[in-house]
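Working through the structure, step by step
This is what each chain is made of:
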There are 2 protein chains.
Amino acid sequence: MKDLEEKILAEGRVFEGNVLKIDNFLNHQIDVELCGKIGEEFHRLFSDRQVDKILTVEASGIAYAVTTAQQFGNIPIVYAKKGNAKNMDKDRYTADAISFTRGGPVTFTVAKEYLRPGEHVLIIDDFLATGEAVSALIEIARQAGAEIVGCGTVVEKSFQTGRQRIEAQGIEVCSLARIKEMTPQGIVFED
Amino acid sequence: MKDLEEKILAEGRVFEGNVLKIDNFLNHQIDVELCGKIGEEFHRLFSDRQVDKILTVEASGIAYAVTTAQQFGNIPIVYAKKGNAKNMDKDRYTADAISFTRGGPVTFTVAKEYLRPGEHVLIIDDFLATGEAVSALIEIARQAGAEIVGCGTVVEKSFQTGRQRIEAQGIEVCSLARIKEMTPQGIVFED
């Protein structure tokens, strides 16, 4: 997605340890116009499938799940919660992931009543790197007996193993910007 | 907001300890159509003011911040993060709040570069009860020297002290559904 790649090149900063800082528009401050275009693009990529629901994880996937759901005719979204909240049902699906940004394990949780057997679920998230978060969402969708339509991520670090890991489970991955290489000197995208 | 009140009456469940469970459409699963209407309503309520940016907090405020920002012509949103993430700048505003759902203190954080002196900021969140979260957002906006245009919350428990606490700071509060009374037997709204 050209707009997105240009924005990453213009505004992204790369730090030690494969950290790409684009939180000025992706996941702290959000460029709402771009967020809308990202929703349109995910819809275009998956518009030939039946999608009943968008599944994402708090917090940074939510904005993109919303704009994608709007394009699919305002279908519902469900976001996995991290950790245990007081007001959650006991009756829930859980899966563990290692959080890159938090530097430790985190449990993803979805109340059972919000994911049903046979529902066609599209997984959306902001970043794909090692695939920890998306894999946990896949595990939850499978526990529910939902059909996973595919997985859309906004930015992919294609030099990491996330894509292989997800494709190995038979799930299609579409990323809107695929970073092949990044150093403090520059960012190179896949063709 | 009539649609919202009807939805709460039809689908909300009240539990011991003033817990209103409406996470089937508000903040775990999201009814994206209603979420869009909520954005329209916040826009209607604040359309006579200058609003440069929406400020909210992860995770449950984000969806409503996005749909509100869309109505204001795709202005940016910023969401405060909870706790300390590895990829955040050292240069940040912070404020503490007590989390009702998590049952303990939580630190809200916004990178200084995303809130500027003189920016006209509209605060949006899903719930207003004791006003802890909104007060922390106000504190952060004031640290930044931003102008707080007002505060929009989707659901207010008006029998709690949040509104008084925020109005006492000279900030206007608009809530789309104001619950005067709730018991497992029923929910009553303010007129």
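Everything quoted here is computed from the prediction, not taken from an experiment.

Contacts between the two partners involve 45 residues from chain B, matched on the other side by 44 residues from chain A. Of the roughly 3800 Å² buried where chain B meets chain A, counting both sides, 53% is carbon and sulfur surface. The largest share of the area that chain B buries against chain A comes from His28, Val32 and Tyr114 of chain B, three residues that together contribute 19% of it. Residue Arg13 of chain A is joined to Glu113 of chain B by a salt bridge in which the shortest nitrogen-to-oxygen separation is 3.8 Å. Remark: the boundary between chain B and chain A carries 17 residue pairs in polar contact (both at pLDDT 80 or more). Contributions of two or more residues to the side of chain B that touches chain A are made by strand S2 (19–21), strand S3 (29–30), helix H2 (32–46), helix H3 (62–71), strand S5 (77–82) and strand S7 (104–111) of chain B.

To continue, consider H2 of chain B. Owing to its 3.6 residues per turn, the α-helix brings residues three or four apart onto one side. Residue and element names in this part refer to chain B. The terminal C-alpha atoms of H2, which comprises 15 residues, lie 21 Å apart, in line with the 21 Å expected from a rise of 1.5 Å per residue. The complete set of buried residues in H2 reads Val32, Leu34, Cys35, Gly36, Ile38, Gly39, Glu41, Phe42 and Phe46. Of the residues flanking the start of H2, the one acting as N-cap is Asp31, its side-chain oxygen 3.1 Å from the backbone nitrogen of Glu33.

We now examine the confidence of the model for chain A. Taken residue by residue, chain A gives an average pLDDT of 95. The fraction at 70 or more is 97%. This prediction of the complex comes with two scores: 0.96 for pTM and 0.96 for ipTM.

In the structure shown here, the tally under the stated rule is zero aromatic pairs over all chains. Sitting above the plane of the Phe127 of chain A ring, Lys157 of chain A keeps its charged end 5.4 Å from the centroid.

Our next topic: the relation of the copies chain B and chain A. Under the fitted operation, chain B is carried onto chain A by 0.0 Å of movement along the axis and a turn of 180°, and the coordinates agree to an RMSD of 0.0 Å. Taken together, these values place the two copies in the relation of a two-fold axis. Residue Ala59 of chain B, judged by its C-alpha, is the member of chain B lying nearest the rotation axis, at 2.4 Å. Interface overlap between copies: 98% of the residues of chain B at the interface are likewise at the interface in chain A, consistent with a symmetric, same-surface contact.

This paragraph deals with unusual backbone geometry. Cis geometry is found at the peptide bond from Glu58 of chain A to Ala59 of chain A, where omega equals -5°. Tracing the backbone shows Ala59 of chain A in the loop between strand S4 (53–57) and helix H3 (62–71). Of note, the phi angle at Asn74 of chain A is positive, near 60°, even though the residue is not glycine. Summarising the element assignment, Asn74 of chain A is placed in the loop between H3 and strand S5 (77–82). What makes Asn74 of chain A partly exposed here is its relative accessible area of 31%. The phi torsion at Asn18 of chain B lies on the positive side, around 60°, for a residue other than glycine. Mapped onto the elements, Asn18 of chain B comes out in the loop between strand S1 (13–15) and S2.

Geometrically, a packed helix pair is captured by the angle between its two axes and the distance between the axes. All names here are of chain A. Where helix H1 (residues 2–11) meets helix H2 (residues 32–46), the closest approach of the two axes is 10 Å, and the angle between their N-to-C directions is 140°. Taken together, H1 and H2 sit at an angle that is classed as oblique. In this structure, H1 meets H2 at a crossing whose hand is left-handed. Between H1 and H2, the contacting residues are Asp3, Leu4 and Lys7 on the first element and Leu34, Lys37 and Ile38 on the second.

All names here are of chain A. H3 packs onto H2 with a crossing angle of 55° between their chain directions and a minimal axis gap of 8 Å. By the angle class used here, H2 and H3 are oblique. Here the hand of the crossing between H2 and H3 comes out right-handed. From H2, Cys35, Gly36, Ile38, Gly39, Glu40, Phe42 and His43 reach across to H3, where they touch Ala63, Tyr64, Thr67, Thr68 and Gln71.

Rules behind the numbers
- Residues numbered from 1 in each chain as written.
- Chains lettered and ligands numbered in written order.
- Predicted model: local features only at pLDDT ≥ 70, side-chain atom pairs only at ≥ 80, totals over all residues.
- Heavy atoms only, no water.
- Contact = heavy atoms within 4.5 Å.
- Buried area = accessible area lost by both parts, 1.4 Å probe.
- Salt bridge = Lys/Arg side-chain N within 4 Å of Asp/Glu carboxyl O.
- Polar contact = N/O pair within 3.5 Å; in protein donor to acceptor, adjacent residues only side chain to side chain.
- Helix = DSSP H or I, 4+ residues; strand = E, 2+ residues; numbered from the N terminus.
- Expected span 1.5 Å × (residues − 1).
- Buried < 20%, exposed > 50% of the residue type's maximum accessible area, 1.4 Å probe, protein only.
- pLDDT = per-residue confidence, 0-100.
- Phe/Tyr/Trp six-rings, centres within 6.5 Å; stacked < 30°, edge-to-face > 60°.
- Lys NZ or Arg CZ within 6 Å of the ring centre and 35° of its normal.
- Least-squares fit on C-alpha atoms with pLDDT ≥ 70 in both.
- Axes fitted to C-alpha atoms, helices over the stretch in contact; angles between N-to-C directions.
- Parallel < 35°, antiparallel > 145°, perpendicular 65-115°, else oblique.
- Left-handed = near helix turned anticlockwise from the far one by under 90°.

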